[in-house]
Amino acid sequence: MRDVRCDKCGKPAVTTFRTYRISLCEACYPRFYEALVRRSIKRHCILRENERVLIAVSGGKDSVALAHVLKKINDFNWSLEMLHINLGTGEYSDRAEKVVKELSEMIEMPLLTVNLADFGFTIKDARMRKRCAACGTAKRYIMNRTARMHGFDVVVTGHTSDDIAAFALKNIVGGNISWILKFKPRAESFAESVVTKARPLFERTEEENRLYVSAENLPLLEDRCPFAPHRDDWKDIVREIERRKTGFTQNFVRGIAKLASEASSEETIGERGVCGVCSVCGEVSSSDVCAFCKLRARIVRDAGGKMWRRMMP
Ligand code: AMP
Ligand code: ZN
C-alpha cells in the first residue's frame, strides 16, 4: 500500500479496514484485530470465564489465527488446548500435523492429535465425489467425541464471516432455511453427550486472519487440501458483493445470528431436544445409527471387505 500511513502511529500501513475506515501498520494491526475478537466474544457471549476450551486447529490461517488470538486475549481465565485431526489424506495431512505441532510448541499450548485411521478408515477411502462430505461428518464427530471424553466445556472452530455468509446464501437460494435459523456464534449443548460449539471468528474475514498470521509470523499450512474443489462460487459471490457494498459480509452474518436467536426463542429449540443415541457407537444421533457410523459402514462395504474393521479407539 503506497503512501498510506497507519492511523495509530504514522508508519507505512499494511492494510485498510474499509468497514472501520482505519489504516494500520504491521505492528498496530495485530492489536486492533485482537481487540475486535475480544469485543465479538464479549458482545455475543461466545465464551465464558473459566471455561475449558478445545480449539480445533487444521493448520490453515483461520484456526492458526484463532489459537493465537485466544491465547493473547485470555484474561478470561480460559484453559486452552488444541485438537488436530489427522484425516489420512497422505502428505498433505502429515504437513498439516507438523504445522500444528510447531504452533503448539511456539505458543506453549497443549495439543491433542487424533487419527481418523484409528476409527478404521481415512478420507482417502471415501469415494472421490463424497470426500468433502465425509470429511465434514468425520470432523464434527471426532471434535465432539474428543471434547466430551476429555471434559471440555466448549469446542471452537475458525469459521469466518466469509464461510458463514457463503453457506447461508447457498442455503437460502436452495430453499433450505433450517440451518440458518439454527446458526449461532455459540451453539449451546442440547444433550449431555453434545459439547457446546462456538465460532469466535464469525465476524472476521479470511483476509483479516491471513494478515494476522503473517504479522505475527505464525506457522501456516499454505497448500490447499488435494480433494477440495478448485473454486468456491458462493465465496466469490460474497466477496464481489463485499467489494461493491463495504460491510455486507459482517452485517449479513450478524443479521443471520439475530434472526436465529429470535427464531430459537420462539420455537425451533424443541426440534433439537428430541435426540437419541447411535446403536453402534453410543454417540448422540437423531436416527438409529449416526452419520459417522453410516459413513464408516458404507466405506467398509464399498471396499468389498478388503478393509478390516477396527475397534473404536
Ligand atoms: P473447514 O471445515 O475445513 O472449512 O474448517 C473449518 C474449521 O474446522 C477450521 O477453522 C478448524 O477450526 C476446524 N478444522 C478443520 N479441519 C480440521 C482438522 N483437520 N483438525 C482440527 N480442526 C479442523
Ligand atoms: Zn455412531
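Right above here is the structure, for reference.
Here is what the cut-offs are and how they apply
- Residues numbered from 1 in each chain as written.
- Chains lettered and ligands numbered in written order.
- Predicted model: local features only at pLDDT ≥ 70, side-chain atom pairs only at ≥ 80, totals over all residues.
- Heavy atoms only, no water.
- Helix = DSSP H or I, 4+ residues; strand = E, 2+ residues; numbered from the N terminus.
- Expected span 1.5 Å × (residues − 1).
- Donors = N, O, S within 2.8 Å, 3.2 Å for Na, K, Ca; no water.
- Tetrahedral: all angles 85-135°; square planar, octahedral: opposite > 155°, others 65-115°.
- Buried < 20%, exposed > 50% of the residue type's maximum accessible area, 1.4 Å probe, protein only.
- Near = heavy atom within 4 Å.
- Polar contact = N/O pair within 3.5 Å; in protein donor to acceptor, adjacent residues only side chain to side chain.
- Areas by Shrake-Rupley, 256 points an atom, 1.4 Å probe, with all protein chains shown as cover.
- Nonpolar A, V, L, I, M, F, W, Y, C, P; charged D, E, K, R; others polar.
- 1 Å grid on protein atoms, 1.4 Å probe; cavity = no way out; pocket = protein on both sides within 12 Å on 5 of 7 lines; lining within 4 Å.
- Points joined across faces, edges and corners; volume = space filled by probe spheres on them.
- Phe/Tyr/Trp six-rings, centres within 6.5 Å; stacked < 30°, edge-to-face > 60°.
- Core = buried A, V, L, I, M, F, W, Y, C linked by side-chain atoms within 4.5 Å.
- Contact = heavy atoms within 4.5 Å.
- Pairing = 2+ DSSP bridges.
- Axes fitted to C-alpha atoms, helices over the stretch in contact; angles between N-to-C directions.

**Student:** Would you mind going over helix H5 (residues 161-173) with me for this structure?
**Tutor:** Turn by turn, an α-helix covers 3.6 residues, leaving residues three or four places apart pointing in a common direction. With 13 residues, H5 extends 18 Å from end C-alpha to end C-alpha; this agrees with the ideal 18 Å at 1.5 Å per step. A positive phi of about 75 degrees marks Gly175, the residue just after H5.

**Student:** Got a minute to help me understand the coordination of the zinc ion (ligand 2) in this structure?
**Tutor:** Working reference: metal with six octahedral donors, ideal angles 90 or 180 degrees; metal with four tetrahedral donors, ideal angle 109.5 degrees. Coordination of the zinc ion (ligand 2) by the protein is provided by Cys278 (SG), Cys281 (SG), Cys290 (SG) and Cys293 (SG), with metal-donor distances spanning 2.2 to 2.4 Å. Around the zinc ion (ligand 2) sit 4 donor atoms, and with donor-metal-donor angles ranging over 106 to 117 degrees the site reads as tetrahedral. Within one chain, the residues serving as donors to the zinc ion (ligand 2) are arranged as C-x2-C-x8-C-x2-C. One end of the pair, Cys281, is in the loop between strand S9 (276-277) and strand S10 (284-285); the other, Cys293, is in helix H10 (residues 291-302), with 12 residues separating them in the sequence. Given the relative accessible area of 18%, Cys281 is considered buried. According to the relative accessible area criterion, Cys293 is buried, its value standing at 5%.

**Student:** What exactly am I supposed to notice about the site of ligand 1 here?
**Tutor:** What surrounds ligand 1 is a group of 13 residues, the closest being Ala56, Ile85, Lys139, Thr157 and Gly158. In the environment of ligand 1, a nitrogen atom lies 2.9 Å from a nitrogen or oxygen atom belonging to the backbone of Ile85. Between ligand 1 and Lys139 there is a distance of 3.3 Å, counted from an oxygen atom to a side-chain nitrogen or oxygen. Surface burial for ligand 1 is 77%, taken as the share of its 480 Å² of free accessible area covered by protein chains. Counting residues per element, the ones that place at least two in the shell around ligand 1 are strand S4 (79-86) and helix H4 (131-149). Of all the elements, S4 adds the most residues to the shell around ligand 1, at 3 residues. Grouping the constituent residues of the shell around ligand 1 by class yields 6 nonpolar, 6 polar and 1 charged.

**Student:** Is there a simple way to explain empty space enclosed by the protein in this structure?
**Tutor:** With a probe scaled to a water molecule rolled over the atoms, the places where space remains empty come into view. Inspection of every chain in the model, using the stated rule, returns 2 cavities of 30 Å³ or more. If you add up the space inside the largest cavity, you get close to 70 Å³. The wall of the largest cavity is formed by Ala126, Arg127, Lys130, Leu295, Arg298, Ile299 and Asp302. The class makeup of the residues in the lining of the largest cavity is 3 nonpolar, no polar and 4 charged. Taken as a whole, the second largest cavity holds about 40 Å³ of empty space. Around the second largest cavity, the lining residues are Tyr20, Leu36, Arg39, Ser40, Arg43, Glu203, Arg204, Gln250 and Arg254. By residue number, the principal contributor to the lining of the second largest cavity is helix H1 (residues 28-43), which donates 4 residues. The residue inventory of the lining of the second largest cavity, partitioned by class, reads 2 nonpolar, 2 polar and 5 charged.

**Student:** What is the right way to read the packing of aromatic side chains from this model?
**Tutor:** The relative placement of two aromatic rings is captured by the distance of their centres and the angle of their planes. For the coordinates displayed, the defined rule picks out 15 aromatic pairs. When the ring of Phe17 is compared with that of Tyr29, the centres are 5.8 Å apart and the planes differ by 20 degrees; the resulting orientation is stacked. In this pair, Phe17 sits in strand S1 (residues 15-17) while Tyr29 sits in helix H1, placing the two residues 12 residues apart along the sequence. Looking at Phe17, the relative accessible area reads 4%, which means it is buried. By relative accessible area, Tyr29 is classed as buried at 1%. Measuring from centroid to centroid gives 5.6 Å for Trp179 and Phe183, while their planes differ by 40 degrees, and the two rings are tilted. The exposure class assigned to Trp179 is partly exposed, which follows from its relative accessible area of 24%.

**Student:** So what exactly am I meant to see when it comes to the nonpolar core here?
**Tutor:** Within soluble globular proteins, side chains that are nonpolar generally end up buried alongside one another. Core analysis: the largest hydrophobic core is formed by 53 residues, its most contacted members being Leu47, Ile55, Leu70, Trp78 and Val156. Ignoring any residue separated from it by four or fewer positions in sequence, one finds Val156 in contact with Leu47, Val53, Leu54, Ile55, Ala56, Leu66, Leu70, Ala198 and Pro200.

**Student:** Help me understand the side chain of Ser104 in this model?
**Tutor:** Counting through the fold element by element, Ser104 comes out in helix H3 (residues 91-106). Residue Ser104 is classed as buried on the basis of its relative accessible area, which comes to 12%. Dropping the residues within four chain positions of it, Ser104 is found in contact with Met82, Met109 and Leu111.

**Student:** Quick question: what am I supposed to make of the sheet that holds strand S5 (residues 111-115) here?
**Tutor:** In a beta sheet, neighbouring strands pair by backbone hydrogen bonds and run either parallel or antiparallel. Across the sheet, 6 strands lie side by side as S5-S4-S3-S6-S8-S7; this open sheet has mixed pairing. Edge positions in the sheet fall to S5 and strand S7 (186-187), since each has one partner strand and no second. Where S7 meets strand S8 (residues 196-198), 2 bridges bridge the pair, whose relative direction is antiparallel. Bridged to Ala187 within S8 is Lys197. Seen against the sheet, H3 touches S4 and S5 and runs at an angle of roughly 165 degrees to S4. Those strands touched by H4 are strand S3 (52-56), S4, S5, strand S6 (154-156) and S8, and its axis lies near 140 degrees from that of S4.

Honestly, it's all geometry; don't read function into it.
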